[in-house]
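# Commentary on secondary and tertiary structure
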Amino acid sequence: MPTDDLYSRDAYLATAEADVIGAMEEGVVLDRTVFYPRGGGQPGDTGTIRWDGGEARVGDTVKRGADVLHVLEPGQPAPPTGTAVTAEVDWARRHRLMRTHTALHALSGIVFTDYGARVTGGNMEPGVARMDFELDSISQEFGREVEEKLNAALAEDHPVHVGLLPRRQALADPDLIRTKVNLIPEQVDPIRVIDIEGIDKQADGGTHVRSTAEVGTVRVVKTESKGRGFKRMRIELQD
Ligand SMILES: [Zn+2]
């Protein structure tokens with residue numbers, strides 16, 4: 001059985017009881033976890049695994065096939081296979097990542113709806129992120145304008161829905177087509193979809209806040225040209 005990915009159904013779970021089903025030098029595999037493994041531009045979670053008589057710091061989380069590998073910090077003891085543990089993510093960091101990730105999705109929806117530009121890439125750290133667009137020109141004024149629209153939209157407190165769509169339905173959804181849902185490997189069915197009501201809808205594995213007001217206020221800190229049709233915007237959370 002692969003790791004049960006509790007984080008994909010409830011992003012607000014900070015802690016879970018689990019059993020160790022694999023222990024190796026690089027880390028630990030649990031039967032279930034609240035730790036998000038690196039992917040889709042969102043960094044892997046950090047946190048602590050505790051058990052009767054020990055504890056270990058998790059410095060990163062990655063996918064290993066269908067499993068989630070909790071990568072231990074150097075020198076940390078690994079609990080043996082079969083151990084019952086309590087695993088807890090560093091919640092302040094993770095919640096900041098959730099706010100940042102939702103901000104990025106809202107940004108991509110606004111830039112597409114109002115300027116017709118598609119997103120070509122993105123990456124985030126807690127509280128800071130960049131997003132790349134297929135745009136011919138970009139300016140500081142453009143950055144300010146987008147910032148205003150983004151903050152106005154976030155303040156409207158749109159609900160953020162996490163859903164699973166049958167692949168066939170996802171491939172026929174115009175919003176999802178725009179975000180290149182067809183590039184998702186064929187065996188993925190159903191497809192997980194994050195829908196920020198009225199702003200943005202895309203296939204995504206990441207963790208998000210429940211509604212846009214929870215993101216708070218976002219600043220566009222930089223706009224830059226990386227070449228023809230390749231423009232980059234950097235944002236950060238205000239607090
Ligand atoms: Zn995403």
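Residues numbered from 1 in each chain as written. Predicted model: local features only at pLDDT ≥ 70, side-chain atom pairs only at ≥ 80, totals over all residues. Heavy atoms only, no water.

### Things to note about the coordination of the zinc ion
- Looking at the metal site, the zinc ion is ligated by His 101 (NE2), His 105 (NE2) and Asp 204 (OD), spaced 2.0 to 2.1 Å from it.
- Between consecutive donors of the zinc ion, the numbers of intervening residues give the motif H-x3-H-x98-D. Residue His 101 is located in helix α2 (residues 91-115), and its partner Asp 204 is located in the loop between β13 (200-203) and β14 (218-225); the two are separated by 103 residues in the primary sequence. The burial state of His 101 is the same as that of Asp 204; both residues are buried. (Donors = N, O, S within 2.8 Å, 3.2 Å for Na, K, Ca; no water. Helix = DSSP H or I, 4+ residues; strand = E, 2+ residues; numbered from the N terminus. Buried < 20%, exposed > 50% of the residue type's maximum accessible area, 1.4 Å probe, protein only.)

### So, the sheet that holds strand β7 (residues 67-72)
- Strand order in this closed barrel of six strands is β2-β3-β7-β6-β5-β8, and the pairing throughout is antiparallel. Between one strand and the next, the sheet's axes are offset by a mean angle of 45°, whatever the strand orientation.
- Strand direction decides the pairing type here: strand β2 (residues 15-23) and strand β3 (residues 27-30), joined by three bridges, are antiparallel. When the sheet's bridge partners are listed, Gly 22 is paired in β3 with Val 29. (Pairing = 2+ DSSP bridges. Axes fitted to C-alpha atoms, helices over the stretch in contact; angles between N-to-C directions.)

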